[in-house]
Amino acid sequence: MTRMGFFTDTSVCIGCKACEVACKEWNQIPASDHGFTGDSYDNTFDLGANTWRHVAFVEQRTSAERVPAEWGLQTYQEGDGMRWLMASDVCKHCTEAACLEVCPTGALFRTEFDTVVVQEDICNGCGYCVPACPFGVLDQRKDDGRVWKCTLCYDRLKDGKEPACAQACPTDSIQFGELEVLHVRAGERLEKLHAAGHESARLYGEDQDDGVGGFGAFFLLLDEPEVYNLPPDPKTTTRDLPETWRAALAASAALGLGLAAAVFGGRR
Amino acid sequence: MSARPATQTAPSKPVIKEPVWTWEIPFYFYAGGLAGAAAGLSRLAEASGNDVLARRASGVALAGAVASPALLVSDLGKPSRFLHMLRLFKVTSPMSVGSWVLAAFGSATGLGWLDHATGGRVPAGRAARTAAGVLGLPLASYTAVLVANTAVPAWHESRRILPFVFVSGAAASAGAALTAVTPAPYAGPARRLAVAGAIVEVALSARMESGLGELSDAYATGDAHRLGTAAKALLVGGAAVGLGAARSRGAAAAAGALITAGAVLARWSVFRAGFTSAADPRHTVAPQRARLSS
């Protein structure tokens, strides 16, 4: 099958949260219970077991005289020297997915669409994928014990439909399709933004040579990834696993020698 | 075209999730290490003709092998699905590898102990004890691989030394328990193991913490710092008392208790440091930025 994915173009995100709502409704996700965070318009806070699409609101204060008119993207509120960025974050569906590699039960698997999904009838709530994910996407549902995350609407894909968030997005900030096609479209969009003077616009996760082998759900950002609370150079933890296993092997051998020395090396 | 506005560069919220593992896990790190090293000690003591120590060590290994799965199952979000751990064998998942090692170790330790207890009526009892002794070695180290194989910076960046910290802690744990429960004339190997394990663990922990560079504040602040400081004091104190354990029952019991407490707190210190590190977005981002600019 062709690899399917998301291209989230944050330059046209208006922060409406239709994606969050559509995702919750279609996937029947319980409420996110962060209460009132006081963090801009963001009360879902982060991705987690009950938030599979999360619209981040980034308020950046910048002095008013340093805000020239030509930055005029719709998402910028320039009058009082405030720049307001919105971005709908989601599971990256990594090419080399740490969550999937560390999962001991096989609950996490790669679908025929090259997406990464948790099988809810297999997950035993061991929690290993939670700190393994370099983006903090997965989390455990406390009352349920299992981990949950974006399935890229696996059920809808099997019926030839697009994911609920992409269908609900009114500005096409969330685009669903064949990953290769999305890469081309994103490249064109980036060129347009650069030509319009948005020099700090960049693609995030389109590079198949990055530390996770590229994302199945990649982004166009208007600033450094850190600004959106995203890691600048994520790396699949299992890339370092061979050397870690070697260290453990050496440590085990050292323990064996230490035990032998204790038993045979002294007076009884 | 104009200069872009000054932007915040440090994320304001954690980038990765803190582990969801609960109190059972650091105690399991202790129990697994204790059992693994005790099984190896038991088999070697048997080979050296020290049957008293061999039998006590076999009992300690069995106790650890019984406590370990109980702790692990209790930590699961869906304890009723604990058998799903053995659906696959996956080398990219240290938890999967460890589950198989623990299952095999537990079976071998149980058979080996039963053979001892029934006066040699279990077929291949000695072979089972050999298997337990060998399997105990990876059982003591794989837990370090498990935590290092995450996105948690303080754990991941100490991946080359952490297995050595854990096996020295395992040696100290087994040595301490057996120093306390073995009659002094037979406890020589246990005393040596306890004292050497405790000293090596203190030295390696200090080296691991300083080797973390800008991430070392995970161990220099908060819970991990308090636990780590107490662990080192207990281990050093226990080792000092342990030097006199051959001559005094009281000293043997005290050394065993001090080093056991130190080994438990040392596991807790590493465990808590991971939470501190995961919660700090600078820990996640700074090494990545350094990688990009190098």
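Below is a summary of the structure that appears in this document. The shown structure was predicted, so the numbers you read here are calculated from the model rather than taken from an experiment.

## Some words on the overall build of chain B
No. 1: Check the secondary structure of chain B and you find 11 helices and zero strands.
No. 2: Relative to its length of 294 residues, chain B is compact, with a C-alpha radius of gyration of 21 Å against a globular reference of 19 Å.
No. 3: Sorting the 294 residues of chain B into buried and exposed places 61% on the buried side.
No. 4: In chain B, the share of contacts with a sequence separation of at least 24, taken over all contacts with a separation of at least 6, comes to 76%.

## Notes on the overall build of chain A
No. 1: Tallying secondary structure elements over chain A gives seven helices and 10 strands in all.
No. 2: Its C-alpha atoms give chain A principal-axis dimensions of about 85 × 45 × 40 Å.
No. 3: Among the 268 residues that make up chain A, the fraction classed as buried is 49%.
No. 4: Residue pairs at least 24 apart in sequence account for 61% of intrachain contacts in chain A once pairs closer than 6 positions are excluded.

## Let's talk about helix 11 (residues 281–293) of chain B
No. 1: Given a rise of 1.5 Å per residue, 13 residues ought to cover 18 Å, and the 18 Å separating the end C-alpha atoms of helix 11 of chain B matches this to within 8%.
No. 2: Each element contacted by the buried residues of helix 11 of chain B is listed here: helix 5 (153–156), helix 8 (217–220) and helix 10 (249–279) of chain B.

## Focus: the interface of chain B and chain A
No. 1: If you look at the interface, chain B gives 74 residues, while chain A gives 65 residues.
No. 2: At the level of secondary structure, the elements contributing two or more residues to the side of chain B that touches chain A comprise helix 1 (24–47), helix 3 (94–117), helix 4 (125–148), helix 6 (162–181), helix 7 (188–210) and helix 11 of chain B.
No. 3: Considering only residue class, the side of chain B that touches chain A consists of 40 nonpolar, 21 polar and 13 charged.

## A short note on the sheet that holds strand 10 (residues 217–221) of chain A
All names here are of chain A.
No. 1: The strand order across the open sheet built from four strands is 8-1-10-9, with neighbouring strands paired in mixed fashion. Here the strands that pair on one side only, and so sit at the sheet edges, are strand 8 (174–178) and strand 9 (202–204). Recorded for the sheet is a direction-independent mean angle of 20° between the axes of neighbouring strands.
No. 2: Two strands pair when backbone bridges link them, and strand 1 (residues 4–9) and strand 10 are joined in this way by four bridges, in the parallel orientation. Residue Asp9 lies in a different strand from strand 10, and its bridge partner there is Leu220.

## Focus: the packing of helix 6 of chain B against helix 10 of chain B
Residue and element names in this part refer to chain B.
No. 1: Closest axis-to-axis distance for the helix 6/helix 10 pair is 8 Å, and the angle between their directions is 155°. Comparing the axis directions of helix 6 and helix 10 gives the class roughly antiparallel. As for how helix 6 packs across helix 10, the hand of that crossing is left-handed. For the pair helix 6 and helix 10, contact is made by Gly169, Ala172, Ser173, Ala176, Ala177, Thr179 and Ala180 and by Ala252, Ala253, Ala255, Gly256, Ala257, Ile259, Thr260, Ala263, Ala266 and Arg267, respectively.
No. 2: Of the residues in the contact of helix 6 with helix 10, the class split is 11 nonpolar, five polar and one charged.

## Considering the environment of Phe164(B)
No. 1: Along the chain, Phe164(B) turns up in helix 6.
No. 2: By C-beta crowding, Phe164(B) is classed as buried, having 24 other C-beta atoms within 10 Å.
No. 3: Sequence separation between Phe164(B) and Arg247(B) is 83 residues, and the spatial gap between their C-alpha atoms is 31 Å.
No. 4: Beyond its immediate stretch of four places on either side in the chain, Phe164(B) contacts Ala251(A), Ala254(A) and Leu204(B).

## Observations concerning unusual backbone geometry
Excluding glycine, a negative phi dihedral is what most residues carry, and trans is how most peptide bonds are arranged.
Residues and elements named next belong to chain A.
No. 1: Backbone geometry at Gln28 places phi at a positive 55°, although glycine is not the residue there.
No. 2: Its 6 C-beta neighbours within 10 Å are what place Gln28 among the exposed residues.
No. 3: The backbone phi angle of Ser40 is positive, close to 50°, even though this residue is not glycine.
No. 4: One can find Ser40 in the loop between helix 1 (18–27) and strand 2 (53–61).
No. 5: What makes Ser40 partly exposed here is the crowd of 14 C-beta atoms within 10 Å.

Rules used throughout
Residues numbered from 1 in each chain as written. Chains lettered and ligands numbered in written order. Predicted model: local features only at pLDDT ≥ 70, side-chain atom pairs only at ≥ 80, totals over all residues. Helix = DSSP H or I, 4+ residues; strand = E, 2+ residues; numbered from the N terminus. Rg over C-alpha atoms; globule rule 2.2 N^0.38 Å. Buried ≥ 20, exposed ≤ 12 C-beta atoms within 10 Å, placed from the backbone. Contact = placed C-beta atoms within 7 Å. Expected span 1.5 Å × (residues − 1). Nonpolar A, V, L, I, M, F, W, Y, C, P; charged D, E, K, R; others polar. Pairing = 2+ DSSP bridges. Axes fitted to C-alpha atoms, helices over the stretch in contact; angles between N-to-C directions. Parallel < 35°, antiparallel > 145°, perpendicular 65-115°, else oblique. Left-handed = near helix turned anticlockwise from the far one by under 90°.

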